[in-house]
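# Coordinate analysis (summary)
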Amino acid sequence: MSDMTFNRRSWLARAGAAVGVMTLAACQRGQTISESLRVSAEALTRRSQRLLIPREALAPEYKATEISAFFKPNGSIDPAASEYVTLRDAGFADYRLLVDGLVERPLSLSLTDLRERPGRTQITKHDCVEGWTAIGQWTGVRLETLLDEAGLKPEARYIVFHCFDALTQTEDGPRYYESIDLIDARHPQTILAYDMNGETLGVPHGAPLRLRVERQLGYKQAKYIRRIEVVDSFEAMPGPRGGYWPDRGYEWYAGI
Amino acid sequence: MTDRVIDQATTGSPPGPSGSAGRGDRILPGGRVDTYRHPPLVRVSHWLNVTAVIILIMSGLNILLAHPHLDWGRVTNFGNHWVDIPPIPNWLLIPQGRNLAEARHWHFFFAWVFVINGLIYLAYGFISRRFNGRLWPTRADLAGFWPSVKEHARFHFPKDEEARNYNVIQKLTYVFMILVVLPMMLITGLSMSPGFNAVGGFLLDIMGGRQSARTLHFISGALIVGFIVVHVGLVIWTGFYNNMRAMITGWFVLEPSSHEAEAAPAPADRKGEPS
């Protein structure tokens with residue numbers, strides 16, 4: 001056997017060993033393989049998108065003629081919580097959005113208060129994680145406006161959206177929540193929408209107030225927002241992974 | 001065996017790019033020739049790509065089951081889809097059983113393997129000029145396109161000196177897969193990402209919208225499946241052991257030429273041509 005052959009074999013052996021080590025490394029967290037794959041792939045995707053996509057880069061916006069005739073209401077479409085039902089039956093006149101947590105001045109705002117602030121209207125596409133797409137027009141107040149008004153404390157890192165709805169459609173089911181980082185929170189298209197397609201936001205789509213964070217998938221667009229809480233870490237959130245669906249195995253960063 | 005390694009130049013065989021790795025032919029008993037065909041980087045990237053593509057297809061089918069319909073245009077036409085996907089057998093899915101969350105983890109992890117591996121392979125292919133030598137068809141290749149089609153149709157595949165370089169159909173197929181279909185897979189996939197859309201929105205416009213991108217992603221995947229079926233079929237048909245050995249060790253055996261006996265003139269002028 002020539003040296004050349006030997007070198008080649010040992011090179012292949014080393015390559016094989018490297019693949020083995022990589023596989024073991026993928027499992028080292030003692031979780032299931034797919035969970036380890038999520039951790040690495042989500043980190044790579046989030047970091048590379050944050051690196052390559054400018055902070056202010058806008059999601060595509062569409063023409064009024066391109067609005068979907070049918071926008072599929074998904075997830076919760078009619079929350080059962082009694083506090084919500086009471087507000088809904090009164091036309092949300094008594095609704096107050098709370099903005100609290102790591103802020104200098106907690107806010108409590110009625111829908112009239114929100115509508116008095118500068119609004120933004122955008123026609124964007126809604127990309128469901130399942131694969132379907134719909135285009136809708138959203139009008140709302142920029143989240144950044146409210147955050148600046150409340151004044152973020154220096155340790156603020158994430159914005160948590162607490163919702164009225166439970167996907168079980170029951171009074172006591174686990175409530176929906178979502179969270180985003182400050183980059184998405186300050187993005188020009190990140191709004192709290194109170195109008196859809198030129199009309200008051202309907203109950204199936206998240207009345208009275210829903211989030212639009214246009215560079216992420218549908219499950220990040222929290223509906224039926226009750227309270228906005230500013231926190232410094234995932235530990236301060238209702239669940240371990242920063243969202244109702246992330247707690248159930250989906251990526252927290254839903255940019256893909 | 002080292003003493004039997006002869007430089008190509010002394011044997012008069014064409015100095016093909018396969019010799020660019022600095023390895024000459026090895027003469028084997030019975031007039032057979034062992035030629036060095038695939039350098040280590042090509043072999044490793046080939047098998048990494050096999051792993052990644054198979055997992056991407058199987059996890060992709062699982063993701064497709066979350067919304068088993070295809071549409072053209074910007075948005076989904078509920079109630080009037082272009083195509084409704086029939087049920088997919090469980091053994092074709094990763095993970096086993098419908099599971100969108102886990103299928104996405106497999107899909108995106110191996111998408112990264114596919115992309116990084118592909119970029120290294122492409123960089124190597126262009127920088128080493130290997131694509132130029134081995135894959136890019138020459139004018140003479142293209143002139144021989146129809147004769148080559150006829151040879152394929154008759155399932156005639158040379159195993160002798162003629163097999164040293166890829167034939168024109170092989171070259172065109174590999175170039176099409178490497179430079180068109182596999183990049184299409186990546187571009188259509190990325191265009192479904194709402195994050196990427198913020199910088200790559202023009203790609204969405206070119207394709208006609210996100211649902212078109214999704215459908216084109218599926219069609220590119222189907223083309224890859226078609227390629228795999230033909231490719232594996234031909235690997236088996238044209239000498240499974242020899243082909244597998246080539247993609248594992250790099251060395252490929254050329255059988256003794258039989259053309260002199262058959263007095264076939266056609267390959268003679270192709271033989272002397274530097275590829």
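It should be noted that the structure appears before, not after, this text.
## A word on the overall build of chain B
The helix and strand inventory of chain B stands at twelve helices and six strands. Burial status across chain B gives 30% buried among its 275 residues.

## Describing the overall build of chain A
Across its full length, chain A holds six helices and ten strands. Among the 256 residues that make up chain A, the fraction classed as buried is 39%. For chain A, contacts bridging at least 24 residues in sequence account for 67% of all contacts bridging at least 6.

## Structural notes on helix α5 (residues 143-150) of chain A
Two residues of an α-helix separated by three or four positions point the same way, owing to the 3.6 residues in each turn. Residue and element names in this part refer to chain A. Turning to α5, its buried residues are Leu143, Leu146, Leu147 and Ala150. Buried residues of α5 fall within an arc of 100° about the axis and therefore sit on the same side. Of the residues flanking the end of α5, it is Gly151, one or two places downstream, whose phi is positive at about 75°.

## Re unusual backbone geometry
Between Ala207(A) and the following residue, Pro208(A), the backbone shows a cis peptide bond with an omega angle of 5°. At the junction of Ile94(B) and Pro95(B), the peptide bond is cis and its omega measures out at -10° in the coordinates. Within the secondary structure, Pro95(B) is located in the loop between β5 (83-84) and α3 (100-127). The backbone phi angle of Tyr224(A) is positive, close to 50°, even though this residue is not glycine. Counting through the fold element by element, Tyr224(A) comes out in the loop between β9 (210-212) and β10 (225-231). Non-glycine residue Arg129(B) carries a positive phi angle of around 60°. Mapped onto the secondary structure, Arg129(B) falls in the loop between α3 and α4 (130-135). Exposure remark for Arg129(B): the 12 C-beta atoms within 10 Å place this residue in the exposed category.

## Examining the packing of helix α7 (residues 168-190) of chain B against helix α9 (residues 210-237) of chain B
Residues and elements named next belong to chain B. Axis separation between α7 and α9 bottoms out at 8 Å; the angle between their running directions is 145°. The crossing of α7 and α9 is left-handed. Together, Met177, Val181, Met184, Met185, Thr188 and Gly189 of α7 and Ala213, Leu216, His217, Ser220, Gly221, Leu223, Ile224 and Phe227 of α9 make up the contact between the two elements. A breakdown of the residues in the contact of α7 with α9 according to their chemical character gives nine nonpolar, five polar and no charged.

## Re the sheet that holds strand β6 (residues 175-181) of chain A
All names here are of chain A. Taken in spatial order, the five strands make up an open sheet running β2-β1-β10-β5-β6, and their pairing is mixed. Of all the strands in the sheet, just β2 (107-109) and β6 have a single pairing partner and so form its edges. If you compare each strand with its neighbour and ignore which way they point, the axes differ by 15° on average. Of the pairings in the sheet, the one linking strand β1 (residues 97-101) to β10 comprises four bridges and is parallel in character. Of the residues in β10, the one forming a bridge with Asp100 is Glu229.

## Topic: the interface of chain B and chain A
Tallying the contact residues gives 32 residues for chain B and 41 residues for chain A. Counting only elements with at least two residues in the side of chain B that touches chain A, the list comes to α2 (40-64), α3, α8 (194-207) and α9 of chain B. For the side of chain B that touches chain A, the class distribution of residues is 18 nonpolar, ten polar and four charged.

## Comments concerning α2(B)
The end-to-end C-alpha separation of α2(B) is 35 Å, in line with the 36 Å expected for 25 residues at 1.5 Å each. When α2(B) is considered as a whole, its buried residues turn out to be Val44(B), Leu48(B), Ala52(B), Val53(B), Leu56(B), Met58(B), Ser59(B), Gly60(B), Asn62(B), Ile63(B) and Leu64(B).

## Remarks on the nonpolar core
Core analysis: the biggest nonpolar cluster contains 49 residues, and Ile159(A), Phe161(A), Cys163(A), Leu192(A), Ala193(A) and Ile225(A) have the highest contact counts within it. Looking at which element gives the most residues to this core, the answer is strand β5 (residues 158-166) of chain A, with six residues. Sequence-distant contacts of Leu192(A), defined by excluding residues within four places in its chain, comprise Leu114(A), Gly140(A), Val141(A), Leu143(A), Leu209(A), Leu211(A) and Ile225(A). Ranked by size, the runner-up nonpolar core spans 20 residues in total, among them Leu37(A), Leu93(B), Trp106(B) and Phe114(B).

## Digging into the environment of Val113(B)
Residue and element names in this part refer to chain B. Tracing the sequence through the fold places Val113 in helix α3. As for Val113 and Ala52, which are separated by 61 residues in sequence, their C-alpha atoms are 6.5 Å apart. Not counting the four nearest positions on each side in its chain, Val113 is found in contact with Leu48 and Ala52.

## Some thoughts on the pairing of strand β3 (residues 33-36) of chain B
All names here are of chain B. Going residue by residue along β3, you find Val33 and Thr35 tucked away on one face and Asp34 and Tyr36 tucked away on the opposite face as well. Inspection of the sheet shows strand β2 (residues 25-27) paired to β3 by two bridges, in the antiparallel sense. Its bridge partner lying in β3, Arg26 is registered against Asp34. Taking the residues that link successive antiparallel strands as the turn, the β2-β3 hairpin has five residues, and the phi of Gly30 there is positive, at about 80°. Direction of pairing for β3 relative to strand β6 (residues 251-254): antiparallel, over a ladder of four bridges. Its bridge partner being in β6, Tyr36 is matched across the sheet by Trp251.

What counts, and at which threshold
Residues numbered from 1 in each chain as written. Chains lettered and ligands numbered in written order. Predicted model: local features only at pLDDT ≥ 70, side-chain atom pairs only at ≥ 80, totals over all residues. Helix = DSSP H or I, 4+ residues; strand = E, 2+ residues; numbered from the N terminus. Buried ≥ 20, exposed ≤ 12 C-beta atoms within 10 Å, placed from the backbone. Contact = placed C-beta atoms within 7 Å. Arc of directions from axis to C-beta. Axes fitted to C-alpha atoms, helices over the stretch in contact; angles between N-to-C directions. Left-handed = near helix turned anticlockwise from the far one by under 90°. Nonpolar A, V, L, I, M, F, W, Y, C, P; charged D, E, K, R; others polar. Pairing = 2+ DSSP bridges. Expected span 1.5 Å × (residues − 1). Core = buried A, V, L, I, M, F, W, Y, C linked by C-beta atoms within 7 Å.

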